[in-house]
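Structure assessment
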Amino acid sequence: MDRQAVLRDLSSEIETLTRLHIQHGLQRTKGFADQKSNITRLIRDHEVDLNRELDPLTRNLYRRYFE
């Protein structure tokens, strides 16, 4: 998978996490925890530099849920 596709997938996964929380109120469910695990795994497997490679909006959303 090329780098741009990885970053698009990561952004999409983070946006999905946000929707689960804001639109559906599912932040305390197993699905929400699984989504966070998938994001963490994607970052680790592809060695994504969050500060350098993510756009500002996605980086802020990531910080909201992971820091």
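A few points on the structure. Source: prediction; values computed, not measured. (Residues numbered from 1 in each chain as written. Predicted model: local features only at pLDDT ≥ 70, side-chain atom pairs only at ≥ 80, totals over all residues. Heavy atoms only, no water.)

1. Considering the overall build of the chain
Rules: Helix and strand labels come from DSSP, where a helix needs a run of H or I of at least four residues and a strand needs a run of E of at least two; each type is numbered from the N terminus. C-alpha atoms define the radius of gyration in this analysis, and the globule rule sets the expected value at 2.2 Å times the number of residues to the power 0.38. Two residues qualify as a contact provided that any one of their heavy atoms is within 4.5 Å of a heavy atom in the partner residue. What sets the accessible areas is the Shrake-Rupley method with a 1.4 Å probe; for residues, cover comes only from the shown protein chains. In this charge count, Lys and Arg are treated as positive and Asp and Glu as negative; neither His nor the chain ends contribute. Taken as the charge centre is NZ of Lys, CZ of Arg, CG of Asp or CD of Glu, depending on the residue.
Per the secondary structure count, the chain includes 4 helices and 0 strands. Reading the chain from its N terminus to its C terminus gives the helix and strand order α-α-α-α. For the chain, whose C-alpha radius of gyration is 12 Å, the value lies close to the compact-globule estimate of 11 Å for 67 residues. Contacts in the chain between residues far apart in sequence, at least 24 positions, make up 62% of those at least 6 positions apart. In the form shown here, the chain has an accessible surface area of approximately 4,500 Å², with 47% of it arising from carbon and sulfur atoms. Distance from the positive charge centre (12 side chains) to the negative charge centre (11 side chains) of the chain: 6 Å.

2. A short note on the side chain of Thr18
Which entries qualify depends on this criterion: Only protein chains enter the calculation, and the probe is 1.4 Å; a residue is then buried if its accessible area is under 20% of its type maximum, exposed if over 50%, and partly exposed in between.
Positionally, Thr18 belongs in helix H1 (residues 3–22). Exposure remark for Thr18: the relative accessible area of 10% places this residue in the buried category. In this structure, Thr18 is in contact with Gln23, Leu61 and Tyr65, ignoring residues within four places of it in sequence.

3. Structural notes on helix H2 (residues 30–45)
Rules: Take the residue count of a helix, subtract one, and multiply by 1.5 Å to get its expected span.
Taking 1.5 Å as the rise per residue, H2 with 16 residues should run 22 Å; its terminal C-alpha atoms sit 22 Å apart, in good agreement. Positive backbone phi, approximately 50 degrees, marks Glu47, located one or two places after H2.

4. Focus on unusual backbone geometry
The phi angle at Glu47 is positive, at roughly 50 degrees, despite the residue not being glycine. Along the polypeptide, Glu47 turns up in the loop between H2 and helix H3 (50–53).

5. What about the nonpolar core?
Basically, it comes down to this: Grouping buried Ala, Val, Leu, Ile, Met, Phe, Trp, Tyr and Cys residues that are joined through side-chain atoms within 4.5 Å yields what is termed a nonpolar core.
In this structure, Leu10, Ile14, Ile39, Ile43, Val48, Leu50 and Tyr62 are the most contacted members of the largest nonpolar core, which totals 16 residues. Mapped by element, the contributors of at least two residues to this core are H1, H2 and helix H4 (56–66). Broken down by element, the residue count for this core peaks at 6 residues, all from H1. Apart from residues no more than four positions distant in its own chain, Ile14 is found in contact with Ile39, Leu54, Thr58, Leu61 and Tyr62.

6. Comments concerning the environment of Gln4
In this fold, Gln4 is placed in helix H1. You can call Gln4 partly exposed: its relative accessible area is 48%.

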